[in-house]
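Summary of the model geometry
These are the residues of each chain, in order.
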Amino acid sequence: MSGVAPVLEVRDLCAGYGRVEALHHVDLVVGSGQIVTVIGANGAGKTTLLSAIMGLVGRSRGSMFYEGVDESESELEKLVALGMILVPEKRELFGAMSVADNLLLGGYARHCQGYRDEAKSLVDEVFGIFPRLRERRLQASATLSGGERQMLALGRALMGKPKLLMLDEPSLGLAPLIVREIFLIIEKLRQKGVSILLVEQNARAALQLADYAYVLETGEVAMEGSACELAADPKMIASYLGLAGGQ
Amino acid sequence: MDLQVALLLGQDGLTNGAIYALLALALVLVFAVTRVVFIPQGEFVAFGALTLASFQADKTPGTLWLLLAAGGLVSLFEVGAALRRRKLGLVAPTLLWNLAYPALAAAIAVLGHPVAWPLAFQVLLSLALVVPLGPMVYRLAFQPLAEASVLVLLIVAVAVHLVLVGLGLLIFGAEGSRTPPFSEASFEIGSIAVNGQTVWVLVASLVLVGSLFVFFDRTLRGKALRATALNRTGARLMGISTVKAGKQAFMLAALIGAFSGVLIAPITTIYYDSGFLIGLKGFVGAIVGGLTSYPIAAAGAVLVGLLESYSSFWASAFKEVIVFTLIIPVLLWRSLKSQDIDEHQ
Ligand SMILES: Nc1ncnc2c1ncn2[C@@H]1O[C@H](COP(=O)(O)OP(=O)(O)OP(=O)(O)O)[C@@H](O)[C@H]1O
Ligand SMILES: [Mg+2]
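Note that the structure is predicted; figures quoted are calculated from it, not measured. (Residues numbered from 1 in each chain as written. Chains lettered and ligands numbered in written order. Predicted model: local features only at pLDDT ≥ 70, side-chain atom pairs only at ≥ 80, totals over all residues. Heavy atoms only, no water.)

**Topic: the interface of chain A and chain B**
To keep things clear, this is the line we draw: Here a residue-residue contact requires only that any non-hydrogen atoms of the pair lie within 4.5 Å. Buried area, as used here, totals the accessible surface that two parts lose on assembly, with accessibility defined by a 1.4 Å probe and the loss added over both. The working definition used for a salt bridge is a side-chain nitrogen of Lys or Arg within 4 Å of a carboxyl oxygen of Asp or Glu. The definition of a polar contact used here is a pair of N or O atoms within 3.5 Å, where within protein one atom must be able to donate a hydrogen and the other to accept one, and adjacent residues in sequence count solely through side-chain atom pairs. Each helix corresponds to a stretch of at least 4 residues labelled H or I by DSSP, and each strand to a stretch of at least 2 residues labelled E; elements are numbered beginning at the N terminus. Lys, Arg, Asp and Glu make up the charged group, whereas Ala, Val, Leu, Ile, Met, Phe, Trp, Tyr, Cys and Pro make up the nonpolar group; the residues left over, Gly among them, are polar.
Taken together, the contact between chain A and chain B spans 26 residues of the former and 22 residues of the latter. Of all residues in chain A, Glu-77, Phe-94 and Tyr-108 of chain A bury the most surface against chain B, accounting for 26% of the area lost on that side. For Asp-101 of chain A, the salt bridge is made with Lys-223 of chain B, and the minimal N-O distance between the two is 2.8 Å. Counting across the interface, chain A meets chain B through 5 residue pairs in polar contact (both at pLDDT 80 or more). At the level of elements, helix H2 (76-81), helix H3 (99-105) and helix H4 (115-129) of chain A are the ones that each hand at least two residues to the side of chain A that touches chain B. Its residues assigned to classes, the side of chain A that touches chain B comprises 15 nonpolar, 4 polar and 7 charged.

**Overview of the pairing of strand E4 (residues 59-66) of chain A**
Applicable threshold: Should DSSP find at least two bridges between two strands, the strands are regarded as paired.
As paired strands, strand E1 (residues 6-17) of chain A and E4 of chain A are joined by 6 bridges and run antiparallel to one another. Looking across to E4 of chain A, one finds that Glu-9 of chain A is bridged to Phe-65 of chain A.

**Quick word on the sheet that holds strand E2 (residues 20-31) of chain A**
Across a sheet, strands are paired by hydrogen bonds formed along the backbone, either parallel or antiparallel in direction. Taking strand neighbours across the sheet as the criterion, the 4 strands line up as E2-E1-E4-E5 (chain A) in an open arrangement whose pairing is antiparallel. The strands lining the two open edges of the sheet, one partner per strand, are E2 and strand E5 (69-70) of chain A.

**Considering the site of ligand 1**
Residues and elements named next belong to chain A. To keep it simple, the criterion reads: We define proximity as follows: a residue is near a molecule or strand when any one of its heavy atoms falls within 4 Å of that partner. Accessible surface is estimated by sampling points in the Shrake-Rupley manner with a 1.4 Å probe; for residues, cover comes only from the protein chains shown.
The environment of ligand 1 is formed by 13 residues, the closest being Lys-46, Thr-47, Thr-48, Glu-89 and Gln-201. Here Ala-44 contributes a backbone N or O atom positioned 3.2 Å from an oxygen atom of ligand 1. Separating an oxygen atom of ligand 1 from a side-chain N or O atom of Thr-47 is a distance of 2.6 Å. Within the complex, the protein chains bury 58% of what would otherwise be the 640 Å² of accessible surface of ligand 1. If one sorts the elements of the shell around ligand 1 by residue count, helix H1 (residues 46-54) sits on top with 3 residues. Class assignment of the residues belonging to the shell around ligand 1 gives a composition of 4 nonpolar, 6 polar and 3 charged.

**Focus: the pattern of salt bridges**
Residue and element names in this part refer to chain A. Selection rule: Using a 1.4 Å probe on the protein chains alone, a residue whose accessible area is under 20% of its type maximum counts as buried, one over 50% counts as exposed, and one in between counts as partly exposed.
Counted under the stated rule, the structure contains 19 salt bridges over all chains. Between Glu-9 and Arg-11 there is a salt bridge, and its shortest N-O distance comes to 3.0 Å. Of the residues examined, Arg-11 reaches a relative accessible area of 34% and is grouped as partly exposed. One salt bridge in this structure joins Asp-12 and Arg-61, with 2.7 Å as the shortest N-O distance. Taken together, the residues Asp-12 in strand E1 and Arg-61 in strand E4 connect sequence positions 49 residues apart.

**Examining the packing of helix H1 (residues 3-34) of chain B against helix H9 (residues 220-230) of chain B**
All names here are of chain B. Going by this rule: Each axis is a line fitted through C-alpha atoms, and for a helix only the stretch in contact is used; angles between axes span 0 to 180 degrees, taken between their N-to-C directions.
The geometry of H1 relative to H9 is characterised by a closest axis approach of 6 Å and an angle of 65 degrees between their N-to-C directions. Only Leu-225, Thr-228 and Ala-229 of H9 make contact with H1, whose side of the interface consists of Leu-29, Ala-32 and Val-33. For the contact of H1 with H9, the residue count by class is 5 nonpolar, 1 polar and no charged.

**Quick word on the side chain of Ser-260 of chain B**
Residues and elements named next belong to chain B. The topology assignment puts Ser-260 in helix H11 (residues 242-264). Take Ser-260: its relative accessible area is 0%, and that puts it in the buried class. With sequence-adjacent residues up to four places away left out, Ser-260 is seen in contact with Ile-19, Leu-22, Leu-23 and Val-45.

**Description of the environment of Leu-263 of chain B**
All names here are of chain B. Positionally, Leu-263 belongs in helix H11. C-alpha separation for the pair Leu-263 and Trp-200, spaced 63 residues apart in sequence, amounts to 7.7 Å. With residues up to four places along the chain from it excluded, the contact list for Leu-263 reads Ile-19, Leu-22, Phe-182, Gln-197, Trp-200, Val-201, Ala-204 and Ser-205.

**Structural notes on the packing of aromatic side chains**
All names here are of chain B. For clarity, the cut-off: Any two of the Phe, Tyr and Trp rings considered here, Trp counted by its six-membered ring, make a pair once their centres fall within 6.5 Å; the pair's planes then place it as stacked at under 30 degrees, edge-to-face at over 60, or tilted in between.
For the structure on display, the rule yields 10 aromatic pairs over all chains. Seen from their ring centres, Tyr-138 and Phe-250 are 5.0 Å apart, and the 50 degrees between their planes marks the pair as tilted. Note that Tyr-138 is positioned in helix H6 (residues 133-142) and Phe-250 in helix H11, a separation of 112 residues in sequence. We note that Tyr-138, like Phe-250, is buried. Taking 5.3 Å as the distance between ring centres and 80 degrees as the angle between the ring planes, the aromatic pair formed by Phe-313 and Trp-314 counts as edge-to-face. For Phe-313, a relative accessible area of 38% puts it in the partly exposed group. Each member of the aromatic cluster is reached from another via a ring pair, and the members are Phe-38, Phe-44, Tyr-138, Phe-142 and Phe-250.

**Brief notes about the domain arrangement of chain A**
Residue and element names in this part refer to chain A. For the record, the criterion: Domain delimitation follows an automatic or database domain assignment.
Under the domain assignment used here, chain A contains domain 1 (1-83 + 162-247) and domain 2 (92-161). Relative to domain 2, the C-alpha centre of domain 1 lies at a distance of 24 Å. The interface of domain 1 with domain 2 comprises 17 residues on the first partner and 12 residues on the second. Interface of domain 1 and domain 2: buried area, both sides summed, is about 1100 Å²; carbon and sulfur atoms make up 72% of it. Seen at the junction of domain 1 and domain 2, the total is 1 salt bridge. Taking the shortest distance from any N to any O, the salt bridge between Glu-125 and Lys-192 comes out at 3.8 Å. If you look at where domain 1 meets domain 2, you find 1 residue pair in polar contact (both at pLDDT 80 or more). For the side of domain 1 that touches domain 2, the element with the highest residue contribution is helix H7 (residues 176-191), accounting for 4 residues. The residue makeup of the side of domain 1 that touches domain 2, split by class, is 12 nonpolar, 2 polar and 3 charged.

**Remarks on the sheet that holds strand E6 (residues 84-87) of chain A**
Residue and element names in this part refer to chain A. Taken in spatial order, the 6 strands of this open sheet run E6-E7-E8-E3-E9-E10, and their pairing is mixed. The outermost strands of the open sheet, each flanked by one partner alone, are E6 and strand E10 (220-226). Ignoring strand direction, the axes of neighbouring strands in this sheet form an average angle of 15 degrees. Pairing of strand E3 (residues 35-40) with strand E8 (residues 195-199), which is carried by 4 bridges, proceeds in the parallel orientation. The partner of Thr-37 across the bridge, within E8, is Leu-198. Strands E3, strand E7 (164-168) and E8 of the sheet are contacted by H7, whose axis makes an angle of about 150 degrees with E8.

Written out as structure tokens, the structure is:
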């Protein structure tokens, strides 16, 4: 992955829950303006990887550089303020709050930086991408449908003006048509210069979209390479792109 | 009991009920944001009242030493933590709040001769001394335990309560105090006399509740606090610091507590340990709301105030018994209605 300056560089990352280590010595690089995808079976450690990068899960070892600066010791809040934003697997919406309030809080990290003034236009932008949310803006987010909740989670992340957007299975439980829409949005974000780290069960679709890919197996990087290389790799086809892996 | 007496008792009950309602709101807030059942809430009531009383008696309030000591302790903790993480640059704001601010407040309280000040300024200074204790208590006792279970947090809360009562005895002594009312005015509505302090308590409570509502419903910071209560992980991912949210919740709780103390000080004599019983009645109200609903908690607390007032007329020896027995049917009803109110999100 040469040529592009990395926006995120993770070296020798070990992380886990209590004494159980779920990630072993993971190295990962996301180039600026690229889409990098992480593929792996259930329980391989993909969610743990994103959580550990964000600092939600304790890192027992390793270092992390974001935009060339060592942020290994930085608090989560600081990373968010720097534009590193995660849409977690469980979405973690504020159930009792309205769609509009959820969106508004998406930019909380910039509340000292004139967020008030730009919030309205950002919300409008999100409503432009997801018109469905505009219709439901006063509805409590807990009462949204599964798909609407995904849209809200993604929209809320966009409110934070991500530079590095990490998405944990954005297509989870969505109708195929909406999945395609979400992937289009991801593509568009990349064109706007947002770097994306994408965890996805749908390996085939992810590889079509991505520049570079990592394959996680039981907490370790088993394979990595440019997306087209991996898509053609026989081992990859057998394990992840067979009938079970794609659509 | 004729109508006259009933109305008078109702007036008393409403006055106390308003105070209990404020405390109930604070309890719900602290529990929602930090999962701490804030048993020491009442101590802030006593501290607020006794600090004001000290000023009026031209004494230096012991709260001052408490503030300086707690601030010093917090500063030590923070510098230690910063050294461990090799980031000394970040402690400057903490030191400002925990060393410089208490020192400044102490200087004003000692040199400023507050006894000669108008009441409103004395009240403000009392709040300025007591309120910062809230975040300090959070920093010292609860922040290190942020991930602990509700039960552990409850045990710590009881311990903090005992410590604060002990410190209260140490700094204020055993004798009680009563402060002069905010206004001596009293007037009649129909045939019943309404005294000025009652009006003060009711109006001030309503204003406080109103501003809390605006804060939580209209401001980004208030919404962030609510978001933390709803979903800690979600809040953290938005860049909302749960530590800051915890401190803000404790600060609001301390403010509500101290302000309640200042309001109630002209009505009842407050001792160093009076806070507990007052807080407990707010707690009964909060329980009626399942520690989650603000309006039900407030309504429950007003009900507690009224019940207390009327039962003091009918069976004054049993008034506390009656009030606290109320909690049993409420708990029964709640346990039938809902499954559980803890741990999960
Ligand atoms: N909170 C937790 N406590 C203990 N172990 C956990 C916890 N969360 C995950 N694990 C374990 O860590 C390993 C990696 O889990 P992770 O959620 O990262 O997998 P994943 O690749 O995201 O799987 P999926 O595709 O199903 O989402 C699993 O073995 C899982 O059981
Ligand atoms: Mg996962």
